[in-house]
Amino acid sequence: MVAVDGVLCDLTRTLARSAAEVVCLIPPGGDPHEHRLRPSDRQALSKAALVLHNGFNLTPAATKMRGAGTVVAVAEKAMPGYKGRDPHVWHDPANVAAMATVVASSLKSVLPPSQRSALASRAAEATAVLDGVGRWGSAQFATVPENQRVLVSEHQAFGHLANRFKLRPIALVDSFATGGVLRPSSLRRITAKLKGSGARALFPESLPVSKTLRRISRRTGISVSGAPLFADGLAPGRSTVATATLNICTVVNAQGGRCDQAAADRLNSRWSAIR
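Reading the values: the criteria
- Residues numbered from 1 in each chain as written.
- Predicted model: local features only at pLDDT ≥ 70, side-chain atom pairs only at ≥ 80, totals over all residues.
- Heavy atoms only, no water.
- Disulfide = S-S within 2.5 Å.
- Helix = DSSP H or I, 4+ residues; strand = E, 2+ residues; numbered from the N terminus.
- Phe/Tyr/Trp six-rings, centres within 6.5 Å; stacked < 30°, edge-to-face > 60°.
- Patch = residues over 30% accessible without salt bridge, like charges linked within 9 Å, V, L, I, M, F, W, Y side chains within 5 Å.
- Areas by Shrake-Rupley, 256 points an atom, 1.4 Å probe, with all protein chains shown as cover.
- Salt bridge = Lys/Arg side-chain N within 4 Å of Asp/Glu carboxyl O.
- Lys, Arg positive; Asp, Glu negative; His and termini not counted.
- Charge placed at Lys NZ, Arg CZ, Asp CG, Glu CD.
- Buried < 20%, exposed > 50% of the residue type's maximum accessible area, 1.4 Å probe, protein only.

Trainee: So what exactly am I meant to see when it comes to the state of the cysteines here?
Mentor: A covalent bond between the sulfur atoms of two cysteines is what we call a disulfide. By the definition in use, this model includes two disulfides. Sulfur-sulfur distance for the disulfide between Cys9 and Cys24 comes to 1.7 Å. Across the S-S bond of Cys9 and Cys24 the torsion is about 65 degrees, and the bridge reads as right-handed. Here the residue Cys9 occupies a position in helix α1 (residues 8-16), and Cys24 occupies one in strand β2 (residues 23-24), the gap between them amounting to 15 residues. Covalent S-S linkage joins Cys249 and Cys259, the inter-sulfur distance amounting to 1.9 Å. One quick way to see it: the torsion about the S-S bond of Cys249 and Cys259 is about -45 degrees, and its sign makes the bridge left-handed.

Okay, structure coming up:
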């Protein structure tokens, strides 16, 4: 089977374990928005009994995917009522839990009957861990002074994180740039927007930090976080849960809160232990 984008590679491998081989098309750190199908991708798709992708146009190339078996837009099926434009739905742990249910149901149709009981147990534990991440995240953001519960990023990729944990999102490039160009008038509007917003850091989505973000930092006097947020999928070397806790701790610590890393580590260990 093939898992295409977002957190689906780790989520599918966690639920399937040794019962199925999962081929991942976009590696951690890869850009799902710009991904183009390679010959190796097409070969994997041609053999796959099941193809799982995020949907909501996260990966435009997914509309051209054809598998030998079923193709499932997991997030769209998990969130049929969502009409927004932000495809990065996994930044809310509750959405990932709903996606896990869809993945488990899809796997059930292609795995041997002897594997279904174990699959159901793994899905239940995965949902429990993800519910725990949501409760833990709420507790972490509660340590941030209310007037500093703001998330300043370059792009509109963290709307689901902001909505879940009641943050005020400010997307600098998407909201203020014209055709991707930051004009002097844009800088003036950004400065006015950030003044008094409670923002203590500007969060990059990759390193090295973009010239645009450095320019905004110089103009506003707000420093750029030394740790990026991972918007488009997994952080390199980290799981779904480890990426979520990393992003949350990055924001909480930079905005004046105190992140309980020990509790995050316990959640990460539970996720890794799912068998």
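What follows picks up the thread again.
Trainee: In this structure, what is going on with the packing of aromatic side chains? I would like to understand it.
Mentor: Two measures describe an aromatic ring pair: the distance that separates the ring centres and the angle between the ring planes. A full pass over the atoms with the stated rule returns two aromatic pairs. Ring plane angle 85 degrees and centroid distance 5.3 Å describe the contact between Phe56 and Tyr82, whose orientation is recorded as edge-to-face. With a gap of 26 residues between them, Phe56 in the loop between β3 (50-53) and β4 (70-73) and Tyr82 in the loop between α3 (74-78) and α4 (93-108) connect regions that are remote in the sequence.

Trainee: Please explain a positive patch on the surface as it appears in this structure.
Mentor: Together, Arg188, Lys211, Arg214, Arg215, Arg218 and Arg219 make up a positively charged patch on the protein surface. Within the secondary structure, Lys211 sits in helix α9 (residues 211-220). We classify Lys211 as exposed; its relative accessible area is 69%.

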